Amino acid sequence: MYKINRENLSALFQLIAEKQELYLPVNVANQVNFAPWTEDSNVDLDILKTVKSPKDVFFPQSENLYTVKKENKKYVIKQEELKSQEFVVFGMKACDVQAVRVLDNVFLSQPVDTFYQARRNHGTIVAMACNEPEESCFCKVFGIDCANPLADVSVWMVENELFWKATSEKGEKLTEQVKSLFTKVDETEQNKIETVKENIHNIVEKLPYMNLSLEGWDGNSTSDKFDSELWEELYKPCLACGTCTFVCPTCQCYDIKDYNTGKGIQRYRCWDSCMYSDFTMMAHGNNRTSQMQRFRQRFMHKLVYYPANNNGMYSCVGCGRCVDKCPVSLNIVKVIKSFHNKEDNK
């Protein structure tokens, strides 16, 4: 294990960026999101949650797939090149790291999404512990330890020092690149990490949603939950704005569209939302014709369909972004609690 003083972090970022692209939480107009690092970037490593998750480093909000042009009376198709540049995502939290694993199950299963695969192959994740989890956090419910983030490198901020521990081959390679800036940590200093972890766990235990029960939510409850009359009550405040899907680190719905550049056709894909009435619209119409059905689909997928097909893994990581951002406070926590309360009142 190594450490570096906070005042030397700019030198660390500079050294990483000499050979790789570097993405960090950057404050732009009082909104913090992951963005490419430059020497002028206003980096904010103290932020607990960025507005959007860092998933778009691996699964961009919009990306070109290929271009079609007409040359000499023939149509020429040019596919976009796959990601080949090595890059580092610095400062991801444990919930967002788990979200990438959720996306892996989707995009790396057969048939493999080669655009996503290329980014995963070339990306190194440096995950940071959450020193002060917030009231909207509930990652522990899904078995995630925000005090011990597991990625290629795990880091902890202790007072004015950042402690660094490589946990994979990629992490070791990155450590070799930058260790000239580090000092080794002795056993006494390693105990500081354990104290920090204990403090984080103590905070976690006091959060309001940490005892949220997932009883009855699994891959075996499809009929029971799908046919529940409770959906008709729950969905009514929903504005179908899609905010929950765009801040969610595990949502993977996308659309594919063509754009006429005037010199050819550019095919691209962009994030979409299952909450929109035209999502998966086909020639015959849409198979989910009401907002209730679309609302139900979102939460059934997170809590029932996904675990049914992925060995019990949920497609929610308890980051709490939907809790923070939903304009009508209609989030996954409320859905889970409503079903739990209904069962208690039977």
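Here goes a summary of the coordinates provided.

What counts, and at which threshold
Residues numbered from 1 in each chain as written. Predicted model: local features only at pLDDT ≥ 70, side-chain atom pairs only at ≥ 80, totals over all residues. Heavy atoms only, no water. Helix = DSSP H or I, 4+ residues; strand = E, 2+ residues; numbered from the N terminus. Rg over C-alpha atoms; globule rule 2.2 N^0.38 Å. Buried < 20%, exposed > 50% of the residue type's maximum accessible area, 1.4 Å probe, protein only. Contact = heavy atoms within 4.5 Å. Areas by Shrake-Rupley, 256 points an atom, 1.4 Å probe, with all protein chains shown as cover. Lys, Arg positive; Asp, Glu negative; His and termini not counted. Charge placed at Lys NZ, Arg CZ, Asp CG, Glu CD. Pairing = 2+ DSSP bridges. Arc of directions from axis to C-beta. Axes fitted to C-alpha atoms, helices over the stretch in contact; angles between N-to-C directions. Disulfide = S-S within 2.5 Å. Parallel < 35°, antiparallel > 145°, perpendicular 65-115°, else oblique. Left-handed = near helix turned anticlockwise from the far one by under 90°. Nonpolar A, V, L, I, M, F, W, Y, C, P; charged D, E, K, R; others polar. Salt bridge = Lys/Arg side-chain N within 4 Å of Asp/Glu carboxyl O. Polar contact = N/O pair within 3.5 Å; in protein donor to acceptor, adjacent residues only side chain to side chain.

**Considerations on the overall build of the protein chain**
Looking only at helices and strands, the protein chain features 11 helices and 12 strands. On C-alpha atoms alone, the protein chain measures out to a radius of gyration of 22 Å, which is about the 20 Å that the 2.2 N^0.38 rule sets for 346 residues. Counting only residues that meet the buried cut, the protein chain has 49% of its 346 residues in that class. Sequence-distant contacts in the protein chain: of pairs separated by 6 or more residues, those separated by 24 or more amount to 72%. Total accessible area computed for the protein chain in this model is approximately 17,800 Å², and 45% of it derives from carbon and sulfur atoms. For the protein chain, the distance from the average position of its 42 positive side-chain charges to the average position of its 46 negative side-chain charges is 7 Å.

**Here's the deal with the environment of I16**
For I16, the location among the structural elements is in helix 1 (residues 9-17). Ignoring anything within four residues of it in the chain, the contact list for I16 reads L22, V88, F90, L174, Q177 and V178.

**Considerations on the pairing of strand 7 (residues 123-128)**
Of all six residues in strand 7, six are buried, a share of seventy percent or more. Of the strand pairs in this sheet, strand 7 and strand 8 (residues 153-158) are connected by three bridges, and their pairing is parallel. The residue of strand 8 that forms the bridge with A127 is S154.

**Re helix 1**
Along helix 1, the positions that sit buried rather than exposed are L9, L12, F13, L15 and I16. In a view along the axis of helix 1, the buried residues occupy a sector of 165 degrees, so they form one face of it. Taken together, the buried residues of helix 1 touch strand 1 (2-5), strand 2 (21-28), strand 6 (87-92), strand 8, strand 9 (161-166) and helix 4 (169-178).

**Things to note about the sheet that holds strand 12 (residues 265-271)**
The four strands lie next to each other as 5-4-12-11, forming an open sheet whose pairing is antiparallel. At either end of the open sheet lies a strand with only one pairing partner, and these are strand 5 (74-79) and strand 11 (254-260). Neighbouring strand axes in the sheet, compared pairwise and without regard to direction, differ in orientation by 20 degrees on average. Bridge count between strand 11 and strand 12: seven bridges; the pairing is antiparallel. Looking across to strand 12, one finds that Y259 is bridged to Q266. Helix-sheet contacts for helix 3 (residues 114-122) involve strand 4 (62-71), strand 5 and strand 12, and the interaxial angle to strand 4 is about 125 degrees.

**Overview of the sheet that holds strand 6**
The eight strands are arranged 3-2-6-7-8-9-1-10 in an open sheet whose pairing can be described as mixed. Each edge of the open sheet is held by one strand with a lone partner, namely strand 3 (31-36) and strand 10 (183-184). Pairing of strand 6 with strand 7 involves five bridges; the strand directions are parallel. Opposite F90, over in strand 7, you have V126 as the bridge partner. Along the sheet, helix 4 makes contact with strand 1, strand 6, strand 7, strand 8 and strand 9, crossing strand 9 at roughly 130 degrees.

**Re the state of the cysteines**
Two cysteines whose sulfur atoms are joined by a covalent bond form what is called a disulfide. Counted by the stated rule, this structure contains zero disulfides. Free of any disulfide, C146 has its nearest cysteine sulfur in C139, 4.3 Å distant. Here C274 is not disulfide-linked; the sulfur of C253 is the nearest cysteine sulfur, at 5.0 Å. Residue class for C274 comes out buried when judged on its relative accessible area of 9%.

**Re the packing of helix 1 against helix 4**
Two elements in contact, helix 1 and helix 4, have axes separated by 9 Å at closest approach and are oriented at 115 degrees. When the axis of helix 1 is compared with that of helix 4, the two are roughly perpendicular. The crossing of helix 1 and helix 4 is right-handed. Judged by residue contacts, L12, L15 and I16 of helix 1 engage L174, Q177 and V178 from helix 4. A class-by-class count of the residues in the contact of helix 1 with helix 4 yields five nonpolar, one polar and no charged.

**A short note on the side chain of D44**
Inspection of the secondary structure puts D44 in the loop between strand 3 and strand 4. Of the buried charged residues, D44 lacks a salt bridge, with R6 as the closest side chain of opposite charge at 7.0 Å. Side-chain polar atoms of D44 contact the backbone nitrogen of D46, separated by 3.0 Å. Among residues more than four places away in sequence, those in contact with D44 are P25 and V32.

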